[in-house]
Amino acid sequence: MATVPTISLNDGTEIPQLGFGVWQVPADEAERVVSKALEVGYRHIDTAAIYGNEEGVGRAIANSGIPRDELYITTKLWVADFGRAEAKRAMETSLAKLGLDYVNLYLTHWPAPATTRYLDAWLGLEDLADAGLARSIGVSNHLPEHLDRVVAQGERVPAVNQIEVHPALQQRNITEANARHGIATQAWTPLGRGGTFEDAPVADAAEAHGVSPAQVIIRWHLQRGRILFPKSVTDSRIASNFDVFGFELTTDELTAIDGLDRGERTGGDPATFNPE
Ligand code: NAD
């Protein structure tokens, strides 16, 4: 089974660079697909309270027999629970659903910048890290100005910022701000809904290496140092998205894929997205 490289976070912990995401995996399918992912070799699972599938993820973990210290589990605090006391209650609910007594990583899900509650939420996450319920804490969808406020407000610097990154949306202003703060970048929707699968830099590299466009893009993220967790409910794709350690993209191939950035967002714009 492949050994997934790890990335060192700013709090001294290590995170497996390639994981498995479960956004839009229906609650009644989560146990099956996460069990499949664990069987294939993934040890890092990315879920969230709002995905509504933490219980299925928890059942898959429990049934896997894999020792807890070999797993890396992330979940996220939803905006409705932003607040210091609320964060604690929400974490306890997530842990109960997951059947765990700690998560490896807990994130504030969106800044929702119409209010400054994301700053209160960050203080709540700091309490949870102090209490040992989250080994690491971080943020998601934070723009550079949100990061600056979080860093000024709290005592800890977020370990990660999970943002939308794929070849057609590379958000270099955010990844550079992350790097300045020592924050690792996690790429969500890493495959970009297939929007660049047929672009020459991806298609040509796929042909040259005898792999799929998805495998090329996963490799591009890995070689560019980002953490990612592609999602699939199809067994063959769950397996092939993990089978990316037998080839390497050349510098020219990486640079050509870097050139596909065209600001093409698939999800919300954190500057204006204010979910409740
Ligand atoms: P993704 O880039 O992982 O793509 C998933 C979709 O791509 C699948 O539904 C499938 O249709 C297709 N796909 C998967 N493997 C394929 C393959 N080998 N060949 C062809 N098509 C393939 O997108 P995602 O699920 O949106 O993002 C991954 C994870 O990121 C999520 O599951 C979630 O954990 C996280 N995420 C976080 C946020 C956030 O706000 N923090 C937002 C979105 C996603």
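Bear in mind that the values here come from a model prediction, so they are computed numbers and not experimental data.

Cut-offs and rules
- Residues numbered from 1 in each chain as written.
- Predicted model: local features only at pLDDT ≥ 70, side-chain atom pairs only at ≥ 80, totals over all residues.
- Heavy atoms only, no water.
- Axes fitted to C-alpha atoms, helices over the stretch in contact; angles between N-to-C directions.
- Helix = DSSP H or I, 4+ residues; strand = E, 2+ residues; numbered from the N terminus.
- Parallel < 35°, antiparallel > 145°, perpendicular 65-115°, else oblique.
- Left-handed = near helix turned anticlockwise from the far one by under 90°.
- Contact = heavy atoms within 4.5 Å.
- Nonpolar A, V, L, I, M, F, W, Y, C, P; charged D, E, K, R; others polar.
- UniProt positions renumbered as here; feature names shortened; annotations may be inferred.
- 1 Å grid on protein atoms, 1.4 Å probe; cavity = no way out; pocket = protein on both sides within 12 Å on 5 of 7 lines; lining within 4 Å.
- Points joined across faces, edges and corners; volume = space filled by probe spheres on them.
- Salt bridge = Lys/Arg side-chain N within 4 Å of Asp/Glu carboxyl O.
- Buried < 20%, exposed > 50% of the residue type's maximum accessible area, 1.4 Å probe, protein only.
- Near = heavy atom within 4 Å.
- Polar contact = N/O pair within 3.5 Å; in protein donor to acceptor, adjacent residues only side chain to side chain.
- Areas by Shrake-Rupley, 256 points an atom, 1.4 Å probe, with all protein chains shown as cover.
- Pairing = 2+ DSSP bridges.
- Phe/Tyr/Trp six-rings, centres within 6.5 Å; stacked < 30°, edge-to-face > 60°.
- Lys NZ or Arg CZ within 6 Å of the ring centre and 35° of its normal.

Caption draft 1: Inspection of the packing of helix H4 (residues 117-130) against helix H5 (residues 144-153) at higher detail. Where H4 contacts H5, the axes come no closer than 10 Å and their chain directions differ by 45°. Comparing the axis directions of H4 and H5 gives the class oblique. Both H4 and H5 take part in a crossing whose hand is right-handed. Contacts from Tyr-118, Leu-119, Trp-122 and Leu-123 in H4 reach His-146, Arg-149, Val-150 and Gln-153 in H5. Each residue belonging to the contact of H4 with H5 can be placed in one class, and the counts come to 5 nonpolar, 2 polar and 1 charged.

Caption draft 2: Main features of the UniProt feature "domain: NADP-dependent oxidoreductase" (unreviewed entry) in the chain. As recorded in UniProt, the sites labelled "domain: NADP-dependent oxidoreductase" (unreviewed entry) are residues 18-261. Span residues 18-261 is 45% helix and 15% strand, its end C-alpha atoms 22 Å apart.

Caption draft 3: Fine view of the layout of surface pockets. Each pocket or cavity is described by its volume, and for the largest pocket that value is around 840 Å³. Trp-23, Gln-24, Thr-189, Arg-193 and Lys-231 are, among the 37 residues lining the largest pocket, the residues nearest its centre. Taken together, the residues that form the lining of the largest pocket break down as 15 nonpolar, 17 polar and 5 charged. Roughly 200 Å³ of internal volume is contained in the second largest pocket. With 5 residues, helix H6 (residues 172-181) is the largest single contributor of residues to the lining of the second largest pocket. Classifying every residue of the lining of the second largest pocket by side-chain character gives 3 nonpolar, 5 polar and 5 charged.

Caption draft 4: Main features of the environment of Leu-105. Its location among the elements puts Leu-105 in strand E6 (residues 103-108). For the pair formed by Leu-105 and Ala-159, sequence separation is 54 residues and the distance between their alpha carbons is 8.7 Å.

Caption draft 5: Here's a closer look at the pattern of salt bridges. With the rule as written, the count across this model stands at 13 salt bridges. One salt bridge in this structure joins Asp-261 and Arg-172, with 3.5 Å as the shortest N-O distance. In this pair, Asp-261 sits in the segment after helix H10 (251-258) while Arg-172 sits in helix H6, placing the two residues 89 residues apart along the sequence. Asp-261 sits in the partly exposed class, given a relative accessible area of 29%. A salt bridge links Asp-199 to Arg-262; the nearest nitrogen and oxygen atoms lie 3.1 Å apart.

Caption draft 6: Structural view of the packing of helix H7 (residues 200-209) against H10. Where H7 contacts H10, the axes come no closer than 9 Å and their chain directions differ by 155°. Overall, the two elements H7 and H10 adopt an arrangement that is roughly antiparallel. Counted together, Pro-201, Val-202, Ala-205, Ala-208 and His-209 of H7 and Glu-253, Ala-256 and Ile-257 of H10 form the full contact between these two elements.

Caption draft 7: Spatial organisation of the site of the ligand. In the vicinity of the ligand, 24 residues are found, and the nearest of them are Asp-46, Ser-140, Thr-189, Leu-191 and Lys-231. Within the side chain of Ser-140, an N or O atom sits 2.9 Å from a nitrogen atom of the ligand. Within the contact set of the ligand, an oxygen atom lies 2.8 Å away from a backbone nitrogen or oxygen of Leu-191. Protein chains shield 86% of the accessible area of the ligand, which is 830 Å² for the free molecule.

Caption draft 8: Seen up close, the side chain of His-142. Among the structural elements, His-142 can be located in the loop between strand E7 (134-140) and H5. With relative accessibility at 0%, the residue His-142 sits in the buried group. Within the structure, the side chain of His-142 is placed 2.8 Å from the backbone oxygen of Ser-140, a separation counted as a polar contact. Those residues within four positions of His-142 in sequence are excluded, and the remaining contacts are Thr-108, Trp-110, Pro-111, Tyr-118, Leu-147, Val-150, Asn-161, Ile-163 and Ile-174.

Caption draft 9: Region of the structure containing the sheet that holds strand E9 (residues 184-188). Judged by pairing direction, the sheet is parallel, and its 8 strands sit side by side in the order E3-E4-E5-E6-E7-E8-E9-E10 without closing on themselves. A single partner strand is all that each edge strand has here, and the edge strands are strand E3 (20-21) and strand E10 (227-228). Across 4 bridges, strand E5 (residues 72-77) lies against E6 in parallel orientation. Each residue of the ladder has a partner; that of Thr-74, found in E6, is Leu-105.

Caption draft 10: Spotlight on the packing of aromatic side chains. Tallied over the full model, the rule gives 5 aromatic pairs. Following the ring pairs from residue to residue traces out a cluster consisting of Phe-20, Tyr-42, Phe-242 and Phe-245. Stacked on the ring of Trp-220, the Lys or Arg Arg-226 has its end atom at 4.2 Å from the ring centre.

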